[in-house]
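Descriptive structure summary
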Amino acid sequence: MDQLLTENELEARLRDVGAQRYHHLHPFQLRLQSGRCSRTEVEAWALNRYLYQACIPQKDAIILSRMDDPALRRPWRQRIVDHDGEREGDGGIARWLKLTDDLGLSRAAVMSGRFALPATRFAVIGYLSFVRDATLLEAIASSLTELFSPSIIATRTAGMLANYDFIRPETLAYFTARPVQAKRDSDFALAYVKAHATTPERQQAVIAALEFKCAMLWAMLDALEHAYVYAEPAPGAFRAGDARAPHLVAAA
Ligand SMILES: O=C(O)c1cc(C(=O)O)c2c(n1)C(=O)C(=O)c1cc(C(=O)O)[nH]c1-2
């Protein structure tokens, strides 16, 4: 029988999940931030991760649709605005496309998802299913990886700027806004989880939900590392020279 943890003990357990399982420890992340990735690997990372970025407002819309309380929906809907923007060209998804633009990738190809690795697609589908099928408390708890993202974003951004001559500060504009948004979002989600995980069963469920999300992020980097470092991308998945923006193809 699991013991009921105090709120502080629960928070410590959740932070421990991050310390042990978050993708800051993944070999592909270490490779990316230390300049050991080839340009093709950086392009593959940005192209695959677009799918994750694009699914975030969809998962937040699912979570929003499951909330009965307007006081809860009001702050949560800001997450969708952050990613989609208030108008065309605004918001996190548009800023992610600035990164893929600067890498010379075609927007249509990136947004279609057709060059993504199979595991990236399955990870994203798995995440959307999780927030639909688990309890609302578990769905909210799965967003708590954002407790750990400001630190990995700072390390990755500094490492990429220092180590790749094709990355300029504007290329990584996506990451400028994220740490402040992530802190605001994760403070809110953590307070909710601490207030609502009031039985040992619920506490174990929120810990497992955070482990699930860490596993999903880990699996996406496993797939990139397997395909681009050790083996081969699946048939149809991105390879060097694929998905070039039309003006670059014309100039070649
Ligand atoms: O750069 C990263 O490593 C990283 C990690 C995470 C995360 O931990 O889930 C997010 C993001 N970035 C991110 O940019 C983002 O918008 C985001 C939203 C969420 C979420 O769970 O709602 N996680 C993340």
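This structure is a prediction, so every number in the text was calculated from the model and none was measured.

Along the backbone of the protein there are 12 helices and 0 strands. Shown N-terminal to C-terminal, the secondary structure of the protein runs as helices and strands in the order α-α-α-α-α-α-α-α-α-α-α-α. In terms of C-alpha radius of gyration, the protein reaches 19 Å, essentially the compact-globule figure of 18 Å for 252 residues. Projected onto its principal axes, the C-alpha positions of the protein cover 60 × 40 × 35 Å. Contacts in the protein between residues far apart in sequence, at least 24 positions, make up 81% of those at least 6 positions apart.

Turning to helix 10 (residues 174–196), a few remarks are in order. An ideal rise of 1.5 Å per residue puts 33 Å on 23 residues; helix 10 measures up with 32 Å between its terminal C-alpha atoms. Along helix 10, the sharpest kink reaches roughly 30 degrees, centred on V180. Looking only at helix 10, the buried set comprises Y174, F175, A182, D185, A189, L190, Y192 and V193.

Membership of the largest hydrophobic core comes to 57 residues, with the highest contact counts inside it found for L47, L144, V193, L210 and L224. Sorting elements by how many residues they give to this core places helix 11 (residues 200–230) first, with 12 residues. Here L47 is in contact with T100, L105, V110, F115, A116, F238 and A243, once residues within four sequence places are set aside.

Bringing the site of the ligand into the picture now. The local shell around the ligand consists of I56, G92, S143, T145, E146, S149, I152, I153, R178 and L217. Ranked by residue count, the leading element in the shell around the ligand is helix 9 (residues 149–163), at 3 residues. Partitioning the shell around the ligand into residue classes produces 4 nonpolar, 4 polar and 2 charged.

The subject of this paragraph is the UniProt feature "domain: Thiaminase-2/PQQC" (unreviewed entry) in the protein. Listed under "domain: Thiaminase-2/PQQC" (unreviewed entry) in the UniProt record, and renumbered for this structure, are residues 12–222. Secondary structure within residues 12–222 divides into 75% helix and 0% strand; the distance between the first and last C-alpha atoms comes to 27 Å.

Attention now goes to unusual backbone geometry. Phi is positive for A243, which is not a glycine, with a value near 55 degrees. Looking at the secondary structure, you find A243 in the loop between helix 11 and helix 12 (246–251).

Reading guide: rules and limits
- Residues numbered from 1 in each chain as written.
- Predicted model: local features only at pLDDT ≥ 70, side-chain atom pairs only at ≥ 80, totals over all residues.
- Helix = DSSP H or I, 4+ residues; strand = E, 2+ residues; numbered from the N terminus.
- Rg over C-alpha atoms; globule rule 2.2 N^0.38 Å.
- Contact = placed C-beta atoms within 7 Å.
- Expected span 1.5 Å × (residues − 1).
- Bend = angle between axes of the 7 residues up to and from the residue.
- Buried ≥ 20, exposed ≤ 12 C-beta atoms within 10 Å, placed from the backbone.
- Core = buried A, V, L, I, M, F, W, Y, C linked by C-beta atoms within 7 Å.
- Near = placed C-beta within 6 Å.
- Nonpolar A, V, L, I, M, F, W, Y, C, P; charged D, E, K, R; others polar.
- UniProt positions renumbered as here; feature names shortened; annotations may be inferred.

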